Protein chains: 2
Amino acid sequence: MADTARPARTSQRRYGLRPTMKDVAARAGVGLKTVSRVVNGEPGVTPDTERRVQEAITALGFRRNDSARILRKGRTASIGLVLEDLADPFYAPLSRAVEEVARAHGALLINGSSAEDGERERELVLALCARRVDGLVIIPAGDDHRYLEPEISAGIATVFVDRPAARIEADAVLSDSFTGAREGVAHLIAHGHRRIGFIGDLPRIHTAAERLRGYRAAMEEAGLPVDGSWVALGPTDPARVRADAERMLAGRGSAGGPVTALLTGNNRVTVTAVRVLAGLERRVALVGFDDFELADLLTPPVTVIAQEPALLGRRAGELLFRRLEGAGEAPRRVVLPTRLIPRGSGEIPPYS
Amino acid sequence: MADTARPARTSQRRYGLRPTMKDVAARAGVGLKTVSRVVNGEPGVTPDTERRVQEAITALGFRRNDSARILRKGRTASIGLVLEDLADPFYAPLSRAVEEVARAHGALLINGSSAEDGERERELVLALCARRVDGLVIIPAGDDHRYLEPEISAGIATVFVDRPAARIEADAVLSDSFTGAREGVAHLIAHGHRRIGFIGDLPRIHTAAERLRGYRAAMEEAGLPVDGSWVALGPTDPARVRADAERMLAGRGSAGGPVTALLTGNNRVTVTAVRVLAGLERRVALVGFDDFELADLLTPPVTVIAQEPALLGRRAGELLFRRLEGAGEAPRRVVLPTRLIPRGSGEIPPYS
DNA sequence: CCTATTTCTGACAACGTTGTCCACTCCATT
DNA sequence: AATGGAGTGGACAACGTTGTCAGAAATAGG
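Residues numbered from 1 in each chain as written. Chains lettered and ligands numbered in written order. Predicted model: local features only at pLDDT ≥ 70, side-chain atom pairs only at ≥ 80, totals over all residues. Heavy atoms only, no water.

Some details on the overall build of chain A
Each helix and strand in chain A was counted, giving 12 helices and 12 strands. Against the globule reference of 20 Å for 352 residues, chain A gives a C-alpha radius of gyration of 27 Å, more extended than a compact globule. Oriented by its inertia axes, the alpha-carbon framework of chain A measures out at about 90 × 40 × 35 Å. Here chain A, with 352 residues, has 55% of them falling under the buried criterion. In chain A, 65% of the contacts between residues at least 6 apart in sequence involve partners at least 24 apart. On chain A, roughly 15000 Å² of surface is accessible, and the fraction owed to carbon and sulfur atoms is 51%. Across chain A, the mean location of the 49 positive side-chain charges is 6 Å away from that of the 45 negative side-chain charges. (Helix = DSSP H or I, 4+ residues; strand = E, 2+ residues; numbered from the N terminus. Rg over C-alpha atoms; globule rule 2.2 N^0.38 Å. Buried < 20%, exposed > 50% of the residue type's maximum accessible area, 1.4 Å probe, protein only. Contact = heavy atoms within 4.5 Å. Areas by Shrake-Rupley, 256 points an atom, 1.4 Å probe, with all protein chains shown as cover. Lys, Arg positive; Asp, Glu negative; His and termini not counted. Charge placed at Lys NZ, Arg CZ, Asp CG, Glu CD.)

Quick word on the packing of aromatic side chains
This model, assessed by the stated rule, comprises 4 aromatic pairs over all chains. Centre to centre, the rings of phenylalanine 198 of chain A and tyrosine 215 of chain A are 5.6 Å apart; their planes meet at 25°, and the pair counts as stacked. With phenylalanine 198 of chain A in strand S6 (residues 196-200) and tyrosine 215 of chain A in helix H9 (residues 206-221), the pair connects residues that are 17 residues apart, well separated along the chain. Their ring planes at 75° and their centres at 5.2 Å tell us that phenylalanine 90 of chain B and tyrosine 91 of chain B sit as a pair that is edge-to-face. Under the relative-accessibility criterion, phenylalanine 90 of chain B is labelled buried at 7%. Note that arginine 211 of chain A overlies the ring of phenylalanine 289 of chain A, its terminal NZ or CZ placed 3.8 Å from the centroid. It is arginine 213 of chain B that lies over the ring of phenylalanine 178 of chain B; its NZ or CZ is 4.2 Å from the centre. (Phe/Tyr/Trp six-rings, centres within 6.5 Å; stacked < 30°, edge-to-face > 60°. Lys NZ or Arg CZ within 6 Å of the ring centre and 35° of its normal.)

Some words on the environment of leucine 81 of chain A
Residues and elements named next belong to chain A. By the secondary structure assignment, leucine 81 is in strand S1 (residues 78-83). Separated by 78 residues in sequence, leucine 81 and valine 159 have C-alpha atoms that sit 9.7 Å apart. For leucine 81, the contacting residues outside a window of four places in its chain are Ser95, Leu109, Ile110, Asn111, Gly112, Leu128 and Val137.

With respect to helix H10 (residues 238-250) of chain A
Residue and element names in this part refer to chain A. The end-to-end C-alpha distance of H10, which contains 13 residues, comes to 18 Å, matching closely the 18 Å that a straight helix rising 1.5 Å per residue would cover. Those residues of H10 that fall on the buried side of the exposure criterion are Arg240, Val241, Asp244, Ala245, Met248 and Leu249. Projection of H10 onto a plane perpendicular to its axis shows the buried side chains occupying an angular sector of 160°, all on one side. One or two positions beyond H10, positive phi appears at glycine 251, with a value near 75°. (Expected span 1.5 Å × (residues − 1). Arc of directions from axis to C-beta.)

Regarding the packing of helix H5 (residues 91-104) of chain A against helix H12 (residues 309-324) of chain A
All names here are of chain A. Orientation of H5 relative to H12, taken along the N-to-C sense of each, is 35°, at an axis distance of 7 Å. Judged by the twist between their axes, the crossing of H5 over H12 is right-handed. Side by side, H5 and H12 meet where Pro93, Leu94, Ala97, Val98, Val101 and Ala102 of the first sit next to Pro309, Ala310, Leu312, Gly313, Arg314, Gly317, Glu318 and Phe321 of the second. Its residues assigned to classes, the contact of H5 with H12 comprises 10 nonpolar, 2 polar and 2 charged. (Axes fitted to C-alpha atoms, helices over the stretch in contact; angles between N-to-C directions. Left-handed = near helix turned anticlockwise from the far one by under 90°. Nonpolar A, V, L, I, M, F, W, Y, C, P; charged D, E, K, R; others polar.)

Some details on the protein's contact with DNA strand C
Near DNA strand C lie 28 residues; those nearest to it are Arg72 of chain A together with Gly31, Thr34, Thr46 and Thr49 of chain B. In DNA strand C, atoms within 4 Å of the protein come 61% from sugar and phosphate. Between DNA strand C and threonine 46 of chain B, the relevant distance is 2.7 Å, taken from a phosphate oxygen to a side-chain nitrogen or oxygen of the residue. Arginine 72 of chain B is positioned with one of its side-chain polar atoms (N or O) 3.1 Å from a base nitrogen of DNA strand C. For the surface near DNA strand C, the secondary structure elements donating two or more residues are helix H2 (32-39) and helix H4 (66-73) of chain A together with helix H3 (32-39) and helix H5 (66-73) of chain B. Here the surface near DNA strand C is composed, by residue class, of 7 nonpolar, 10 polar and 11 charged. (Near = heavy atom within 4 Å. Polar contact = N/O pair within 3.5 Å; in protein donor to acceptor, adjacent residues only side chain to side chain.)

Topic: the side chain of aspartate 66 of chain A
Position of aspartate 66 of chain A relative to the elements: it lies in helix H4. At a separation of 3.3 Å, a polar atom in the side chain of aspartate 66 of chain A contacts the side chain of arginine 64 of chain A. Other than its neighbours up to four places away in sequence, aspartate 66 of chain A contacts Ala127, Ala130 and Arg131 of chain B.

Let's talk about the sheet that holds S6 of chain A
Across a sheet, paired strands are connected by hydrogen bonds in the backbone, their directions being either parallel or antiparallel. All names here are of chain A. One open sheet holds the 6 strands; their spatial order is S7-S6-S8-S9-S10-S12, and the pairing between them is mixed. Either end of the sheet is taken by a strand with one partner, and the two such strands are strand S7 (231-233) and strand S12 (339-341). The mean inter-strand angle of the sheet, taken between neighbouring strand axes irrespective of direction, is 15°. Here 4 bridges tie S6 to strand S8 (residues 261-264), and the two strands are oriented parallel to one another. In the strand pairing of S8, isoleucine 199 is matched with threonine 264. Where H10 meets the sheet, it contacts S6, S7 and S8, and its direction lies at approximately 170° from that of S6. (Pairing = 2+ DSSP bridges.)

As for the UniProt feature "domain: HTH lacI-type" (unreviewed entry) in chain A
Look at the UniProt record and you will see "domain: HTH lacI-type" (unreviewed entry) annotated at residues 19-73 of chain A. Between the C-alpha atoms that bound residues 19-73 of chain A there is a distance of 21 Å. The span itself is 69% helix and 0% strand. (UniProt positions renumbered as here; feature names shortened; annotations may be inferred.)

Right under this line is the structure:
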């Protein structure tokens, strides 16, 4: 009687209808739980029974439905990663490193790109929370993460990378942007520059603000004034960066003439700046934040302040899983050093 | 009585215990299904009732558990992407494009890197199948995908990208590697080269084999012999590529002397080749498969056979969702053209 | 004022798995 | 022969949601 409710599917596999443990149990002539035991390698099953179950499994093409398992167990064995753009050469290795850590812990990675849009970040994060990911790694775009508080206190471990969380206390793994920028500018100053421009990312982004602070600190420590026209923050789209670079290099509207050196705030900006400088007669010094592939083969090779994106990702992943394993300490902030790699472009003297 | 079975949690939120619709219903004084209706924006709820439910939802910090929803509905609204390495500059934009398509269809993307290991690919894919992703986009590493047959016939839509599936019929979105390589080599021949080397990826990888075929075709069409030492296939790790490049350029063991031009089989190989050539006195012509950032700013600028990774990803995603929407046509193979971009390195004459 | 219709609401049973708990078999002890 | 204890196997109830269906309330029509 009950059979009429659902089409028979005990022995035949039909399109879109997958066999369940119940089907396997029926076919093997055992109980439901015994199938579960075999599938999960639990003890207490006779070799003979196990064999019968295995046969039924392969015959039916059974594969455990993890959705049901997840619902029952409460753990999803997956973590979410939300970042600005998966395709950015800085974030791609970071993402890969998080994936490796997840894999080592048997978890899958679900990721989403926020496109530097706070609202989209929020949507993504909440969608991941609804799926009950065990943990979240976030490179935040938004400027208010209080929306995450209920989720975190409900048990979703959360680690921020590259930039800290806004308006909440949470774990964060960061690079020392301030010191990196300061060293970069000091390097230019040491090579004789006095008019140095800084082209950075949107000012609301923490790293951009920190790097600007580092720039100002280095200038101040050297007793150099900073003309307002030497600082340009904004989106990293090439047109805007190009315009700002050209303006600074022309020295229009700036007090003491055009800049003789540039500090660029991230790899996207650096690449555009390299293009601008390549079109110039005179040689302008350049120090770029973030190392990038082939930087050493350009003419001149590009001096950079290198971060280690893969290490950022790895640390974030490790911190996340430590949390998941129950470490209930206060939120921690890990700061990784940057490394100045002189290659040539930063050692060009003024007006050469 | 039943209450003793489970700790009371109707009104208080406790760490790790999330409120359910039942809790919301109890608090709002309505039935379970009414909460479900409100949460899903289904019609048939009085504004007043809706308000009460909404209040309960915010008061308790309720968020729907998508695991349960997925189990019930049978659709996960997520697709899986398995590729070689998320951090590879060729695959990163491809992945991003797939993500965009998924997003447009309200789906999340779960991805995993196979590290060019067939077994790891299989594990990943099956893990994704166990999660009942709605569809899969695969850049295959393995050489036998029959293990996917039961999954596909059980309804998991599958699209292969960049390389076709092995031993099964399945949708695939590819670049025209053969024609690309042939044009690249023809370009070098047109500039006077007769001894041209090819450094490619592992021969079991479809694109590597196709590009080799294109190389041979072009040589043959020009009536040029191919010395065995001019072809080197293998893993893309820099040391091996460097060794092969140096061997070809030295011309040890080759019939007619060292090669005067190189065709490189993908962006990883090209980058290493560029480094090798940069250390040389004489100038060697180079055409590289895959465009890469800054190729135009190197000295000399690098001539490439460009693919469009983002387009590959987008097409694959679109094809996948068309399948999911029920198009039951035969498996289709989409082949995208490549584009030769002359920039300088490919136009260097022999012995310059 | 009563019935017929429409709206709104809630009980209940799935979805496919795992955890708990009890029953049974088989053998080695008393 | 009765008892105890492993070692197996299976019934049943969760997990939190959604679909079905029927009942209750409200409205309209006579």
